[in-house]
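Summary of structural features
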Amino acid sequence: MRELAILTFVTLDGVMQAPAMPDEDRSGGFARGGWAAPYWDEVMSQVGREAMAQPYDMLFGRKTYDLFAGHWPDVEGDPAADMMNAATKHVVTSSPDTLNWANSHAITGNITDKVAGLKNQDGPLLQVHGSGELIQTLMAADLVDEYRLWIFPTVVGPGKRLFQQSYGHRSLRLSKSEACRNGVVMNIYRHDTQS
């Protein structure tokens, strides 16, 4: 049995859409892509230390997989890239024959059943990077064990939010928090088993 953690960058007003690049995701008319870029160096150092230093498997929605697969396989001599390239990657997709990044496996059919099956296997932590639509599905099915959130000191207004809808009452416990000098705050939350 293993756990599932989401790793997400969010604005102060809760938007997770297109943190890295202006054209990353313009759906819904979103024009504020790349809002995290001014904070990148210090944050990525913290992400590497806090969330990517131990072995993990990755779980992606197809759009995020394509973004990562278009960059990370070509990065050499970087420990984070080496771990990602070696990790098993599970991808929710309707086009399984186009998964070209090493160690990629398609998830088709009933997503929640398949992910629950992955969680019941032995293996390292399952990490979800970005993948906003997939995260909504996982939260609705109560499959998320840990929320690894980097909260950026910026407000962008309308956009896709981490908590787009209510999934009922869930108490979380802060297990770790650390601020960067640039104002970004890492908060790691786990389900509170006491409530």
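Residues numbered from 1 in each chain as written. Predicted model: local features only at pLDDT ≥ 70, side-chain atom pairs only at ≥ 80, totals over all residues. Heavy atoms only, no water.

Looking now at the overall build of the chain. Per the secondary structure count, the chain includes five helices and eight strands. Ordered by position from N to C terminus, the α and β elements of the chain give β-α-β-α-α-β-β-α-β-α-β-β-β. Relative to a compact globule of 195 residues, whose C-alpha radius of gyration would be 16 Å, the chain shows 16 Å and is just as compact. Looking at the chain as a whole, 43% of its 195 residues are labelled buried. Excluding contacts between residues fewer than 6 apart, the proportion of contacts in the chain whose partners are at least 24 apart in sequence is 70%. As displayed, the chain offers around 9,800 Å² of accessible surface, 51% of which is attributable to carbon and sulfur atoms. Distance from the positive charge centre (17 side chains) to the negative charge centre (23 side chains) of the chain: 4 Å. (Helix = DSSP H or I, 4+ residues; strand = E, 2+ residues; numbered from the N terminus. Rg over C-alpha atoms; globule rule 2.2 N^0.38 Å. Buried < 20%, exposed > 50% of the residue type's maximum accessible area, 1.4 Å probe, protein only. Contact = heavy atoms within 4.5 Å. Areas by Shrake-Rupley, 256 points an atom, 1.4 Å probe, with all protein chains shown as cover. Lys, Arg positive; Asp, Glu negative; His and termini not counted. Charge placed at Lys NZ, Arg CZ, Asp CG, Glu CD.)

Turning to unusual backbone geometry, a few remarks are in order. Most peptide bonds are trans, and most residues other than glycine sit at a negative phi. Phi is positive for Asn103, which is not a glycine, with a value near 65 degrees. Relative accessible area serves as the criterion here: at 36%, Asn103 is assigned to the partly exposed category.

Turning our eyes to something else, we now look at the nonpolar core. For soluble globular proteins, nonpolar side chains are generally found buried alongside one another. Phe9, Val43, Met84, Trp150 and Phe152 are the most contacted members of the largest nonpolar core, which has 32 residues in total. When residues of this core are traced back to their parent elements, those giving at least two are strand 1 (4–11), helix 1 (40–51), strand 2 (56–61), helix 2 (62–69), helix 3 (79–86), strand 6 (146–152) and strand 8 (185–191). Once residues lying within four places of it in the same chain are set aside, the contact partners of Val43 are Phe9, Trp150, Phe152, Cys180, Asn182 and Val184. Core analysis: the second largest hydrophobic core is formed by 20 residues, Leu59, Leu118, Leu134 and Met139 among them. (Core = buried A, V, L, I, M, F, W, Y, C linked by side-chain atoms within 4.5 Å.)

This next bit is on the pairing of strand 7 (residues 172–179). Looking at chain direction, strand 7 and strand 8 are connected through seven bridges and run antiparallel. Among the inter-strand pairings, Ser177 is bridged to a residue of strand 8, identified as Asn187. The turn linking strand 7 back onto strand 8 is made up of five residues, and Gly183 within it adopts a positive phi angle of 100 degrees. (Pairing = 2+ DSSP bridges.)

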